[in-house]
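# Per-entry structural report
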Amino acid sequence: LIHPVTGEPHWFCNVHSHSSKLRKDRESVYGAERFEDGASQINKSDMFYGDDGDISDDDLTHMDEVTMKNVQFVKMTEGDVVLLDNYKCMHGRNVFD
């Protein structure tokens, strides 16, 4: 994928969030997700190569290690807003009350 403004090549993928293997690995460390309804419950998907082939556990583990090595946490308080370029970063959130 080419960034529409900078022209830089990017890998645009959400394998870290949607791989059933990586999700199960996280749940074994952090406990099961607490979603009971809504889009998060429906979004229990899995990831495959473009030809519908399986992504090996070794490749998934490598992608997860690279992703986690590059995580930057942003401490936020009520009313804070963060704007991110979806082509340049993957984003998510930790559980909050």
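Let us look at the structure shown here. Note that residues are indexed from 1 along each chain, following the sequence as it is written. The predicted nature of this model means local features are confined to residues of pLDDT at least 70 and side-chain atom pairs, given and counted, to a pLDDT of 80 or more, with totals for whole chains, interfaces and linings taken over all residues. To obtain the side-chain values, all non-hydrogen atoms of the structure were included, while hydrogens and water were left out.

Now for the overall build of the protein chain. Helical segments are the DSSP runs of H or I of at least four residues, strand segments are the runs of E of at least two, and each set is numbered from the N terminus. Secondary structure assignment for the protein chain yields four helices and zero strands. For the protein chain, the residues scored as buried account for 15% of the 97 residues in total. Pairs at least 24 apart in sequence give 55% of the contacts found in the protein chain among residues at least 6 apart. Accessible surface, the protein chain: about 8,300 Å² in total, of which carbon and sulfur atoms supply 52%. The rule is simple: take the accessible area with a 1.4 Å probe, protein chains only, and divide by the maximum for that residue type; under 20% is buried, over 50% is exposed, in between is partly exposed. Only heavy atoms matter for contacts: two residues are in contact if any of them lie within 4.5 Å across the pair. Computed with a 1.4 Å probe, the accessible areas rest on the Shrake-Rupley method; for each residue, only the protein chains presented here act as cover.

Definition used in this section: a nonpolar core is a set of buried Ala, Val, Leu, Ile, Met, Phe, Trp, Tyr and Cys residues joined via side-chain atoms within 4.5 Å. Listed in full, the six residues of the largest apolar core are Val-15, Leu-22, Met-47, Ile-55, Leu-60 and Met-63. Setting aside its immediate chain neighbours within four residues, Leu-60 contacts Val-15, Ser-19, Lys-21, Leu-22 and Ile-55.

Looking now at the side chain of Ser-19. Looking at the secondary structure, you find Ser-19 in the loop between α1 (15–18) and α2 (20–30). At 3.2 Å, the side chain of Ser-19 and the backbone nitrogen of Leu-22 are in polar contact. Apart from residues no more than four positions distant in its own chain, Ser-19 is found in contact with Asp-46, Met-47 and Leu-60. Here a polar contact is taken to be a pair of N or O atoms separated by no more than 3.5 Å, where protein atoms must pair a possible hydrogen donor with a possible acceptor and residues adjacent in sequence count only if both atoms sit in side chains.

The next point concerns the pattern of salt bridges. A pair can form between side chains of opposite charge whenever their charged atoms are brought close. Any carboxyl oxygen of Asp or Glu within 4 Å of a side-chain nitrogen of Lys or Arg constitutes a salt bridge here. Enumeration according to the criterion identifies one salt bridge in this entry. Ionic pairing is found between Lys-21 and Asp-25, a salt bridge with its closest N-O pair at 2.5 Å. You can see Lys-21 and its partner Asp-25 sitting in helix α2, four residues apart, about one turn around the helix. Asp-25 gets classed as partly exposed once you look at its relative accessible area, which sits at 34%.

The first and last C-alpha atoms of helix α4 (residues 57–69) sit 18 Å apart over 13 residues, in line with the 18 Å expected at 1.5 Å per residue. Looking only at α4, the buried set comprises Leu-60, Met-63 and Thr-67. Taken end-on, α4 shows its buried residues confined to a sector of 65 degrees, consistent with a single buried face. Facing away from the buried side of α4 by more than 90 degrees, the exposed set consists of Asp-58 and Lys-69. To estimate the expected span of a helix, subtract one from its residue number and multiply by 1.5 Å. Each C-beta atom gives one direction from the helix axis, and the arc is the one those directions make.

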